[in-house]
Amino acid sequence: CGGPLFSPHTERGRRLFARAFGVQAQLFACTTCAHKAFQPELDIALLADIYADPYFRSGGEEDAYRDQYRNPQPPYIEFARRIEAVVREWGLPKDARIHEFGCGAGVTVKHLRDMGFNATGSDWSPSAIAFAHEMGNPHVFREDMNVRDAFSGERLDMVLNLHAIEDLFGRVRTVPN
């Protein structure tokens, strides 16, 4: 929203902090729209290094993802099953519109689509998206970290971010407010 004021965000009376790459950040919320962001923000060049291609660090890692596409197995099928349970718990439609930000190679998106959900995904890695397309998953696309609102006006029933936080922040801790 461009609101000028951010204040420390608290959950259950605790402030949230994260540490990564030698930087400690605190979670803040916009006082106008409640958008949350860690401050200080990670430098865009650092993020580019983190998400630099190639997506796979070894041939064995790529083979493991190919196997995930062909033979549903933990952890991705477990993520999809848990999401399916939450959709039922929340009373969302069986064809709920679900989007996963930071979907990587799109394995969870594939499993959710196999379950009947209208699932899509996006990621910053061009090679991860290319791999998903190679595996027959056209429902993922490249996210642009310079575009603020890729889903403006679209209705989403659920938004996922299964791996991005742990990739960026090895440890999140809380402290009393």
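Source: prediction; values computed, not measured.

Enquirer: Can you explain the nonpolar core? Please cite residues and give values.
Expert: If you look at the biggest cluster of nonpolar residues, it comprises 24 residues, and the most contacted ones within it are Tyr-65, Ile-83, Val-87, Ile-98, Leu-112, Phe-131 and Met-158. Breaking this core down by element, the ones donating at least two residues are helix H2 (59-70), helix H3 (76-90), helix H4 (107-114), helix H5 (126-134) and strand S9 (158-160). The element contributing the most residues to this core is H3, with 5 residues. Apart from residues lying up to four places away in sequence, Phe-131 is in contact with Phe-56, Glu-62, Tyr-65, Arg-66, Tyr-69 and Ala-105.

Enquirer: Before we move on, can you summarise the confidence of the model for the protein with the specific residues and values?
Expert: Per-residue confidence for the protein gives a mean pLDDT of 80, with 76% of residues at or over 70. Least confident of the elements in the protein is strand S10 (residues 171-176), whose mean pLDDT is 41; most confident is H4, at 97. Note that pLDDT drops below 50 for residues 165-177; the model gives that stretch 39 contacts with residues more than four away or on any other chain.

Enquirer: Got a sec to walk through the sheet that holds strand S7 (residues 118-123)? Specific residues and values, please.
Expert: Ordered by their spatial adjacency, 4 strands build an open sheet running S8-S7-S6-S9, and the pairing between neighbours is parallel. Sheet topology places strand S8 (140-142) and S9 at the edges, where each strand pairs with a single neighbour. Strand-to-strand twist in this sheet, taken as the mean axis angle between neighbours without regard to direction, amounts to 20°. Here strand S6 (residues 97-101) runs beside S7; their pairing, made up of 5 bridges, is parallel. Bridge pairing in S7 places Ile-98 opposite Ala-119. Its contacts with the sheet put H4 on S6, S7, S8 and S9, and the angle it makes with S7 is roughly 170°. With respect to the sheet, H5 is in contact with S7 and S8, its orientation differing from that of S8 by roughly 155°.

Enquirer: Describe the packing of aromatic side chains, listing the residues and the values that go with them.
Expert: Inspection of the entire model under this criterion finds 3 aromatic pairs. When the centroid spacing of 6.0 Å and the interplanar angle of 50° are considered together, the rings of Tyr-65 and Tyr-76 count as tilted. In this pair, Tyr-65 is assigned in helix H2 and Tyr-76 in helix H3, connecting sequence segments 11 residues apart. Comparing Tyr-65 with Tyr-76, the two get one shared label, buried. Their ring planes at 85° and their centres at 5.9 Å tell us that Tyr-76 and Phe-79 sit as a pair that is edge-to-face. In this pair, Tyr-76 and Phe-79 both sit in helix H3, 3 residues apart, roughly one turn of the helix. Counting every residue linked through ring pairs, the aromatic cluster contains Tyr-65, Tyr-76 and Phe-79.

Enquirer: An account of H3 is needed here, citing residue identities and associated values.
Expert: Because an α-helix completes one turn every 3.6 residues, residues spaced three or four positions apart along the sequence face the same direction. Relative to the 21 Å expected for 15 residues at 1.5 Å per residue, H3 spans 21 Å between its end C-alpha atoms, a close match to the ideal helical length. In this structure, the buried residues of H3 make contact with H2, S6, H4 and S9. Backbone geometry just downstream of H3 places Gly-91 in the positive-phi region, at approximately 75°.

Enquirer: Outline H4, supporting the account with residue identities and numerical values.
Expert: Regarding H4, the residues found buried are Val-107, Thr-108, Val-109, His-111 and Leu-112. Among the structural elements, H2, H3, S6, S7, S8 and S9 are those in contact with the buried residues of H4. Directly after H4, the chain includes Gly-116, whose backbone phi takes a positive value near 105°.

Enquirer: Any details on the environment of Ala-96? Residues and values, ideally.
Expert: With respect to the helices and strands, Ala-96 occurs in the loop between H3 and S6. Distance from Ala-96 to Asp-157, taken between C-alpha atoms, is 5.8 Å for residues 61 residues apart in sequence. If sequence neighbours within four positions are ignored, Ala-96 has contacts with Val-87, Phe-117, Asn-118 and Asp-157.

Reading the values: rules and limits
Residues numbered from 1 in each chain as written. Predicted model: local features only at pLDDT ≥ 70, side-chain atom pairs only at ≥ 80, totals over all residues. Heavy atoms only, no water. Core = buried A, V, L, I, M, F, W, Y, C linked by side-chain atoms within 4.5 Å. Buried < 20%, exposed > 50% of the residue type's maximum accessible area, 1.4 Å probe, protein only. Helix = DSSP H or I, 4+ residues; strand = E, 2+ residues; numbered from the N terminus. Contact = heavy atoms within 4.5 Å. pLDDT = per-residue confidence, 0-100. Pairing = 2+ DSSP bridges. Axes fitted to C-alpha atoms, helices over the stretch in contact; angles between N-to-C directions. Phe/Tyr/Trp six-rings, centres within 6.5 Å; stacked < 30°, edge-to-face > 60°. Expected span 1.5 Å × (residues − 1).

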